Amino acid sequence: MHRRELLKYSILMGSLNLLNCSKAIKKEVLIIGSGKLNNKWVLSAINSTGHTLYQKKLPKRAHHISKNKNNSHGLVIARRPGNYARLFDSKTGQTIKEINAPNNHFFFGHSCFSKNNIIISCGDQTSLGKLAIYDLALNFEYFIELNNYGPHQIELINNNQIAVAVGGLQTIERKILNMEDFKSELIIVDVSINTIINRYKLANSKLSIRHLHTHNSKVIVAAQLPDRDTLFENLNTALIYELKDNQLKAIIHPNWNTFKQYIASISFDDTHLIATSPKGHTLGIWSISDNAILFDTQLSFVDVAGITQFQNTAFWSTGLGYSSSKYNDVIITSKQEIHWDNHWNTFYV
Amino acid sequence: MRNLIQFSVIFFSLFTLQVQATAITDSTKQFETKVLGHIDLMNTHTAKLMNLSCDTQKDKLVKNWKISYSHYLAISYMDLEVITKNSLNYSFSFWPDKKNLIAQKMRLLLSAADFTDAYIDNSSAPVKGYQAIEYLLFDDSQKQINCQALKAITQNMLNNITLITSQIDQFRIIKAEFLTTQREIEGASIAFNQISNHLSAIIKKVESITNDKIHEKLYFSDAWRSKQALYFHKHNVNHAIKYIQIMSVLLSKQNQKILQTQITKLNKQLTQLPNNYFDIYTQNKETLLFKHLATLKKLSKTLSNVILADLSITLGFNNSDGD
């Protein structure tokens, strides 16, 4: 969808669209994210029409929320370089358990649930990456060493295999120390046998893999260009890659003009792939079958970042405090007080 | 009577809301008009470049190049959809030129037997726009101005400006839906984001030339061939100030005053800085340049803080590198 159509559908915002969308959502959904509200950091849940269901205060800024598909538990985790992780009940927002990062370690902002474990991307004082493995009640069990810097998003591929986006960037606080020679990779780990089973690198060594999504055992990663001074030489590089035939294959070249060679979140299902660029205030939706762009709009969603999908509906959030949903060509936008942080996740009621 | 009071309360509330709403939209529109004005002036002075004689009017060529470029700088750090949709981001300026590609590519261009604006259009970015013209006007290797090249590059720029102008209504700087009451805060947010981008870019430009190895990194400097890096920097800062002044009417009086104090300090520093970067050293003004950089950074940070406090607008909340 392009600008003219977007305008058309934006004008349609209102009760009629709420009605249309609520018809589309057959099963009610909870969308959970974190953000800033009145100078405080909070965990917040809304329903599919943007109505706030609960808000819970957090110790510091959070980043991603992962979910246990087998129950209503979620894990909200501190933003890099963060120190806390909180297991909570997604239905109520009530805390089940809150922990600090292991001694002399910090969290990178992402986690995932496997069948028997909670896995958190973690770093030591030199920012060397590890996976911190906890049981489902958030008791620490052990580390898996990644031997590279800056692990970021991690997602479950199947029962025990985890995909880890490793940016390769060594950081102190948020300052990058190895911009010239970082080595980014996608690492596949089998947590049941505590073993790295594969490492995959991108052809373009200037890109850093930061985000990924998994669906039906398929892995798609999103890269960024951290060194902005190399932009001109990397204008035509793809940012979105699929793990296929034992290599990372370029599938999508988001327009560098609009995406600014920066992707904050990525999500896909059987039919659509969505990526956001808050730097370009841009959201893109592509067809999974042929990677064709379906919806590309610049400067329409200010500071857009968080995305999630549910029953053929795409949801996204902005740092300005807006949430939107898109079902077919109907877009509904509503305003919340919260400044939404980078990631969203859907939980079912 | 009770109904009348209720009606008055509702009417007053709506009126207050409308006044506030109109103020936001008005400022955002003014911001947009200011940006459009710079595009118009780019057009005017680039057109003048086309009509001047290369042999007898070098001073006027330089003058119009400087004016046109200074207006381009007022829009160059913004995300303008009309520019990105037409892939014109590198058609007016090639910076930073870390590998001195401009000299390499211009030498190749000038060795070609014949070329037109269409030839330039199909060429790579280093031979397009203001830095390419600067090479023709100021590079030591250019004993006399290559008029054919100058006209071809200038015509290419004019073609691109005409394209921008013809599509500016289609690709508004602030989208029409952001100028409606319902979404006007998003429009204001876009304007503040654009100003913030502008400030960040000029801070980066100054940082790139305020280090110990400046002489090794000469190409990092903007307009180093013409020795006008600080001249353009002053224009850049003035553009930022004008934009801030347009949008800051939406802020509390107290925060307007805080911003104005910092702007006054910046203006004073600008008058004390030379135009030629190398005069910083001959006039022992390194300390002043560092202080100036600190003031720019402080203004950028203050702007972020006050728009969050007064308008609940966050700048770059989700775009921190690496997350």
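Residues numbered from 1 in each chain as written. Chains lettered and ligands numbered in written order. Predicted model: local features only at pLDDT ≥ 70, side-chain atom pairs only at ≥ 80, totals over all residues. Heavy atoms only, no water.

**What to know about the overall build of chain B**
From N to C terminus, chain B includes 12 helices and 0 strands. Residues counted as buried form 54% of the 323 residues belonging to chain B. Within chain B, residue pairs in contact and separated by at least 24 positions form 77% of the contacts whose partners lie at least 6 positions apart. By element, 54% of the accessible surface of chain B is carried by carbon and sulfur atoms, the whole surface being about 14600 Å². (Helix = DSSP H or I, 4+ residues; strand = E, 2+ residues; numbered from the N terminus. Buried < 20%, exposed > 50% of the residue type's maximum accessible area, 1.4 Å probe, protein only. Contact = heavy atoms within 4.5 Å. Areas by Shrake-Rupley, 256 points an atom, 1.4 Å probe, with all protein chains shown as cover.)

**Concerning the overall build of chain A**
Scanning chain A from terminus to terminus reveals 3 helices and 30 strands. For 349 residues, the compact-globule estimate of 2.2 N^0.38 gives 20 Å, and the C-alpha radius of gyration of chain A, at 19 Å, lies within 12% of that figure. Along the first, second and third principal axes, the C-alpha atoms of chain A reach 50 × 50 × 35 Å. In chain A, the proportion of contacts linking residues at least 24 apart, taken out of those at least 6 apart, comes to 47%. For chain A, the exposed area adds up to about 13100 Å²; of that, 47% sits on carbon and sulfur atoms. Here chain A carries 36 positive and 27 negative side-chain charges, and the mean point of each set is 5 Å from the other. (Rg over C-alpha atoms; globule rule 2.2 N^0.38 Å. Lys, Arg positive; Asp, Glu negative; His and termini not counted. Charge placed at Lys NZ, Arg CZ, Asp CG, Glu CD.)

**Observations concerning empty space enclosed by the protein**
Residues and elements named next belong to chain B. Scanning the model with the defined rule gives 4 cavities of 30 Å³ or more in all. As a volume, the largest cavity reaches approximately 80 Å³. Lining the largest cavity we find Ile202, Lys205, Val206, Ile209, Asp222, Ala229, Leu230, Phe232, His233 and Asn236. Of all the secondary-structure elements, those providing two or more residues to the lining of the largest cavity are α8 (184-209) and α9 (229-247). Among the elements that take part in the lining of the largest cavity, α9 stands out by supplying 5 residues, more than any other. Taken together, the residues of the lining of the largest cavity sort by class into 6 nonpolar, 2 polar and 2 charged. (1 Å grid on protein atoms, 1.4 Å probe; cavity = no way out; pocket = protein on both sides within 12 Å on 5 of 7 lines; lining within 4 Å. Points joined across faces, edges and corners; volume = space filled by probe spheres on them. Nonpolar A, V, L, I, M, F, W, Y, C, P; charged D, E, K, R; others polar.)

**Looking at the state of the cysteines**
Inspection of every chain in the model, using the stated rule, returns 1 disulfide over all chains. Among the cysteines around Cys112(A), which has no disulfide bond, Cys122(A) carries the closest sulfur, lying 14 Å off. (Disulfide = S-S within 2.5 Å.)

**Considerations on the layout of surface pockets**
What the second largest pocket holds in volume is close to 930 Å³. Secondary-structure elements contributing two or more residues to the lining of the second largest pocket are β4 (62-67), β8 (105-113), β12 (151-156), β18 (208-215), β22 (265-268), β26 (304-310) and β30 (339-348) of chain A.

**Things to note about the interface of chain A and chain B**
Taken residue by residue, the interface counts 45 residues in chain A and 40 residues in chain B. Summing both sides of the interface, chain A and chain B together bury roughly 3900 Å²; the carbon and sulfur share of this comes to 48%. A salt bridge links Lys260(A) to Asp79(B), with the nearest nitrogen and oxygen atoms 2.6 Å apart. The interface formed by chain A and chain B contains 12 residue pairs in polar contact (both at pLDDT 80 or more). (Buried area = accessible area lost by both parts, 1.4 Å probe. Salt bridge = Lys/Arg side-chain N within 4 Å of Asp/Glu carboxyl O. Polar contact = N/O pair within 3.5 Å; in protein donor to acceptor, adjacent residues only side chain to side chain.)

**Some remarks on the environment of Asp89(A)**
Residue and element names in this part refer to chain A. Here Asp89 is to be found in strand β6 (residues 84-89). Residues contacting Asp89, with those up to four places away along its chain left out, are Tyr54, Ser72, Gln94 and Ile96. Engagement of the side chain of Asp89 in a polar contact is seen with the backbone nitrogen of Lys91, the distance being 2.9 Å.

**Points about the confidence of the model for chain B**
Residue and element names in this part refer to chain B. In this model, chain B carries an average pLDDT of 88, and 90% of its residues clear a pLDDT of 70 or more. Low pLDDT, under 50, characterises residues 1-19; the stretch is placed with 1 contact to residues that sit more than four places away or in other chains. Reported confidence for the predicted complex is 0.84 by ipTM and 0.88 by pTM. (pLDDT = per-residue confidence, 0-100.)

**Thoughts on the sheet that holds β30(A)**
Residues and elements named next belong to chain A. Strand order in the open sheet formed by 4 strands is β3-β2-β1-β30, and the pairing between neighbours is antiparallel. One side of each edge strand has no neighbouring strand; the edge strands of this open sheet are β3 (52-57) and β30. Adjacent strand axes in the sheet meet at a mean angle of 20 degrees when their direction is disregarded. Of the pairings in the sheet, the one linking strand β1 (residues 29-37) to β30 comprises 7 bridges and is antiparallel in character. Looking at the pairing, Val29 lines up with Tyr348 of β30. (Pairing = 2+ DSSP bridges. Axes fitted to C-alpha atoms, helices over the stretch in contact; angles between N-to-C directions.)

**Side note on the nonpolar core**
Leu186(A), Ile240(A) and Phe31(B) are the most contacted members of the largest nonpolar core, which totals 136 residues. Here this core takes 12 residues from α8(B), the largest share from any one element. When near neighbours in sequence (up to four residues on either side) are disregarded, Leu186(A) contacts Ala163(A), Val164(A), Ala165(A), Asn198(A), Arg199(A), Tyr200(A), Ile209(A), Leu212(A), Val219(A), Val221(A), Leu243(A) and Leu248(A). Leu75(A), Ile77(A), Cys122(A) and Leu138(A) belong to the second-largest nonpolar core, a separate cluster that totals 14 residues. (Core = buried A, V, L, I, M, F, W, Y, C linked by side-chain atoms within 4.5 Å.)

**Concerning the pattern of salt bridges**
Side-chain pairing between opposite charges can occur once the charged atoms of the two side chains come close. Following the criterion strictly, the structure yields 14 salt bridges over all chains and no others. The partner of Glu207(B) in a salt bridge is Lys297(B), with the nearest N and O atoms 2.8 Å apart. Pair noted here: Glu207(B) is in helix α8 and Lys297(B) is in helix α12 (residues 286-311), with a separation of 90 residues, a long-range link. Residues joined in a network through salt bridges with shared partners are Glu185(A), Arg199(A) and Lys201(A).

**Structural notes on the packing of aromatic side chains**
All names here are of chain B. For the structure shown, the criterion picks out 24 aromatic pairs over all chains. Relative to Phe232, the ring of Tyr69 lies with its centre 4.6 Å away and its plane at 70 degrees, an arrangement referred to as edge-to-face. Highlighted residues: Tyr69 in helix α2 (residues 58-76) and Phe232 in helix α9, separated in sequence by 163 residues. Given a relative accessible area of 1%, Tyr69 falls into the buried group. Accessibility expressed as a relative area gives 0% for Phe232, which makes it buried. (Phe/Tyr/Trp six-rings, centres within 6.5 Å; stacked < 30°, edge-to-face > 60°.)

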